[in-house]
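Chain by chain, the residues:
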Amino acid sequence: MAAVPEGYYESTNPFLVHGPRGFEEFKLLESFGMYVRMDFPGVPEECVRVSLDPAKKSLAVYADAPKVHRYDLAQRKYLSVIETVCRCCVFDRFTYQMSDGVLRLHLSKSNIDPSHSSCIEFKYSAFGEDISGNDMDESYESKQLEDGNLYVRLDMPGVPKDNFTVSVANGKVNVTGQAPALDHDSGSRLYSSDVVILSGPVDFPSHRVKTIIKNGVIRLLIPPV
């Protein structure tokens, strides 16, 4: 069994308060190869491309998160690569499903060295960037608008539209979302984030916060108080 790839535990979503840590999850499956969960918040199914290269013993996933709102800073691009490093097995086919900003991938393997027992050792790399190629905070974006509203984008991948809750209390807008465990996920994930409005405990009805929820991303337009 391969060790968890380097950087796995460091690549955590800052809004994830309970559940499997990290934007990725890997699980070796008996007789089925490998199961992988990859979080690509804001990416629709039609903007995902998966490429298997048997010669290089690697699989690459390309994903694009388009600008949904006019205040989004930029389109975001993702690239994730899984490479086999063992000599006894190779990935030979795959299936995947994409929904709510989460890609779930099944990799099947073949044993190419009968003298060794079947195994898979792998290494993993992931990159996320905006359309210009500059690094950006992928999980959060905020912008003060000329009309006084505050625009906020929060990434909570895997959370369906009806599992988001927005509340206002003590001068803060709180967003909570529950991502259910699907397929071979090791557990559900709970996300929560506070957006500070004022230093004082100023409240207003939560319905005044306009929300757009799509593909595991919530966009808020918060009025001035």
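Check the entry above for the structure.
Numbers given for residues are sequential positions, taken from 1 along each chain in its written order. Reporting in this predicted model follows two pLDDT cut-offs: at least 70 for local features of residues, and 80 or more for side-chain atom pairs to be given and counted; totals over whole chains, interfaces and linings ignore these cut-offs and use all residues. Only hydrogens and water are removed before side-chain values are computed, so all heavy atoms of the structure are retained for them.

Novice: Help me out: how do you make sense of the overall build of the chain in this one?
Specialist: Secondary structure elements are defined from DSSP: runs of H or I of at least 4 residues count as helices, runs of E of at least 2 residues count as strands, and each element is numbered from the N terminus. On a plain count of helices and strands, the chain comes out with 0 helices and 16 strands. Exposure classes here rest on a 1.4 Å probe applied to the protein chains alone. A residue is buried below 20% of its type maximum, exposed above 50%, and partly exposed in between. In the chain, which comprises 225 residues, the share counted as buried stands at 45%. Working rule for contacts: check all heavy atoms of both residues, and any pair within 4.5 Å makes them a contact. Across the chain, contacts joining residues at least 24 apart in sequence account for 58% of those joining residues at least 6 apart. In the structure as shown, the chain presents an accessible area of about 11500 Å², 50% of it carried by carbon and sulfur atoms. Surface exposure here means Shrake-Rupley accessible area, sampled with a 1.4 Å probe, where a residue is shielded only by the protein chains that are shown.

Novice: Help me out: how do you make sense of the sheet that holds strand β2 (residues 24-29) in this one?
Specialist: Hydrogen bonding along the main chain pairs the strands of a sheet, whether they run parallel or antiparallel. The rule for pairing is simple: two strands pair if DSSP sees at least two bridges between them. With antiparallel pairing, 4 strands are arranged side by side in an open sheet as β2-β3-β8-β7. This sheet does not close on itself; its edge strands, each paired only once, are β2 and β7 (89-99). Across the sheet, the mean angle separating the axes of adjacent strands is 15 degrees when strand polarity is ignored. What counts as an axis is a line fitted to C-alpha atoms, over the stretch in contact for a helix, and the angles between N-to-C directions run from 0 to 180 degrees.

Novice: How should the sheet that holds strand β10 (residues 140-144) be read in this particular structure?
Specialist: With respect to topology, 4 strands assemble into an open sheet ordered β10-β11-β16-β15, the strand pairing being antiparallel. Where the open sheet ends on each side, the last strands, each with one partner, are β10 and β15 (210-214). The sheet shows a mean angle of 10 degrees between the axes of neighbouring strands, direction not considered. Bridging between strand β11 (residues 150-155) and strand β16 (residues 217-222) involves 6 bridges; their strand directions are antiparallel. Bridging across to β16, V152 finds its partner in L220.

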